[in-house]
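# Close look at the chain arrangement
Chain residues, written in single-letter form:
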Amino acid sequence: MFQKILIANRGEIAARIIRTCKKMNIATVAVYSEADQYAPFVKQVDESYLIGKPRVNESYLNIDNILEAAEKSGSEAIHPGYGLLSENAEFARRCRKAGLTFIGPSEEVMAKMGDKVAARQAMKEAGVPIVPGTDQAVSDVEEAKAYANEFGYPIMLKAAAGGGGIGMQAVNNDAELEKAFEGNSKRAETFFGDGTMFLEKQILRPRHIEIQVLADEHGNAVHLFERECSIQRRHQKVVEEAPSPFLSEKTRKEMGDTAIQAVKVLRYKNAGTIEFLVDKDENFYFLEMNTRLQVEHPVTEEITGIDLVEQQLRVANGEPLPFEQQDLKRNGHAIEVRIYAEDPVRFFPSPGQLTKFNVPEGEGIRHELAVAEDSKVTPFYDPMIAKLIAYGNDRKEAIARLRGALENYQVEGIKTNIPMLKDVIAHEKFKAGATETSFVEEYYLPLVTEK
């Protein structure tokens, strides 16, 4: 096993990785920007290195500075966490060229699945259902309009590179497409360095359900069941749970088997997630593959008892998976909510100094924290400051524990989305497990407008 690992990330995911490394007696190295000098994760590691100014392109996206820190520290491997460089094929290549183990899949697979058009084609060849759409990039708005009229509106305009909903927009007619195309292409170019766009037929009132997979270099692959991620704002997940309250056992098995089929065709290695859109009749369609650990991985850990970060490290070290599919069982129900430093109505970031930060404890309650009471939330990074996970023997118990924890969560000095989360889990649609990706726009925003 590795003796020392550098974590090329920040915030709560850095702290999460550190925790497992300590359990496994692996020394940890942090890299940090000037803005994160006093962040909790920097204090939790054995060594830390300043790699640049606050902005991500001058620090957490600076591959040269990260690799220099790895060399100085004598690290053997790099864990990229999620976001930032975690799905950057060039970063993975540079790590391996420098003699470092990249804790993730190969750069070839990462590059293929990072290009949404190439990913669609790969999944089609693997026999995975895909949404009708273009099998290549569209060069301009006139070509986009021709395809859109062939498929029939509404369609989804999407960026071929990147993720997080950036460059993605639902379009209902030619006029909307003309208005959206150039702006979304420019936005994708700004965020990902690639303004390429493609089109997909819009699946109406879908659910967003994903399958967690693990695979090793010995040809073994398993899925760890599904996560329901339908409650989103601006295409960013807010509430995730496992298992899905919607899927039948038949569909659950079909989705899991399909995910494993895709992993084996790709010769994928390490942890990954295959995301699907699921319609009201439980037909499912490939959405994208995330070639990394997911923000919402704790809910899978809670219902399976498996430490996904530990398995990532062991697979990267060349070890075979210690279990087969038939060994994996679901137990209970887990729900995660993402706590953001943001206005709960407009969703604008709310940076500032935390004057109070107390998290509730109790049976079935788990926290993943990026901040402490003396922390300053800066405007430079994603505004997520914590994750709250509630586990119960069943969904009703998990919701009750989550509700109690949110009532006793104390944050002062900044705005947070906790009021939103309370409203969401109190809503009859959520309690019934009847949520779709339109939930926030359809039910939450009208609710706060009335208030």
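Treat the numbers as computed from the prediction; the structure is a model and nothing was measured.

## Here we look at the overall build of the protein chain
From N to C terminus, the protein chain includes 15 helices and 20 strands. Here the C-alpha radius of gyration of the protein chain, 21 Å, is about what a compact globule of 451 residues would show, namely 22 Å. By principal-axis analysis of the C-alpha atoms, the protein chain measures approximately 60 × 50 × 45 Å. A burial count over the protein chain gives 57% of its 451 residues as buried. The long-range fraction of contacts in the protein chain, counting pairs at least 24 apart against all pairs at least 6 apart in sequence, stands at 65%. Counting every atom, the protein chain has about 18,500 Å² of accessible surface; 48% of that belongs to carbon and sulfur. The average position of the 56 basic charges and that of the 70 acidic charges among the side chains of the protein chain differ by 2 Å.

## With respect to the nonpolar core
I5, L6, F41, I66, I78, F91 and L214 are the most contacted members of the largest nonpolar core, which totals 59 residues. Each residue touching I66, except ones within four places of it in the same chain, is listed here: L6, A8, I51, S59, Y60, I78, L85 and F91. With 36 residues, the next largest nonpolar core counts V239, V337, I425 and F439 among its residues.

## Considerations on the pairing of strand 12 (residues 270-278)
Consecutive residues of a regular strand have side chains that alternate between opposite faces of the sheet. Most of strand 12 sits inside the fold, with nine of its nine residues counted as buried. Two strands pair when backbone bridges link them, and strand 9 (residues 207-215) and strand 12 are joined in this way by nine bridges, in the antiparallel orientation. Bridge pairing in strand 12 links H208 to L277. Looking at chain direction, strand 12 and strand 13 (residues 284-290) are connected through six bridges and run antiparallel. Opposite T273, over in strand 13, you have N290 as the bridge partner. Counting the residues in the hairpin turn of strand 12 and strand 13 gives five residues, including E282, whose phi is positive at 70°.

## Considerations on the side chain of D279
Within the element layout of this structure, D279 appears in the loop between strand 12 and strand 13. No salt bridge forms around the buried D279; measuring N to O, its nearest opposite-charge neighbour K280 is 6.8 Å away. Polar contacts involving the side chain of D279 include one to the main-chain amide nitrogen of D281, which spans 2.9 Å. Ignoring anything within four residues of it in the chain, the contact list for D279 reads I203, F246 and Y285.

## A few points about the state of the cysteines
Scanning the model with the defined rule gives zero disulfides in all. The closest cysteine sulfur to the non-disulfide-bonded C21 is located on C95, 15 Å from its own sulfur. Among the residues examined, C21 registers a relative accessible area of 0% and is labelled buried. On the basis of relative accessible area, C95 is assigned to the buried category, the value being 0%.

## What to know about the environment of E324
Inspection of the secondary structure assignment puts E324 in the loop between helix 11 (308-316) and strand 14 (333-340). What makes E324 partly exposed here is its relative accessible area of 48%. Along the backbone, E324 and H223 are 101 residues apart, and their C-alpha atoms lie at a distance of 9.4 Å. Looking at E324, its side chain comes within polar contact range of the side chain of Q326, at 2.8 Å.

Cut-offs applied
Residues numbered from 1 in each chain as written. Predicted model: local features only at pLDDT ≥ 70, side-chain atom pairs only at ≥ 80, totals over all residues. Heavy atoms only, no water. Helix = DSSP H or I, 4+ residues; strand = E, 2+ residues; numbered from the N terminus. Rg over C-alpha atoms; globule rule 2.2 N^0.38 Å. Buried < 20%, exposed > 50% of the residue type's maximum accessible area, 1.4 Å probe, protein only. Contact = heavy atoms within 4.5 Å. Areas by Shrake-Rupley, 256 points an atom, 1.4 Å probe, with all protein chains shown as cover. Lys, Arg positive; Asp, Glu negative; His and termini not counted. Charge placed at Lys NZ, Arg CZ, Asp CG, Glu CD. Core = buried A, V, L, I, M, F, W, Y, C linked by side-chain atoms within 4.5 Å. Pairing = 2+ DSSP bridges. Salt bridge = Lys/Arg side-chain N within 4 Å of Asp/Glu carboxyl O. Polar contact = N/O pair within 3.5 Å; in protein donor to acceptor, adjacent residues only side chain to side chain. Disulfide = S-S within 2.5 Å.

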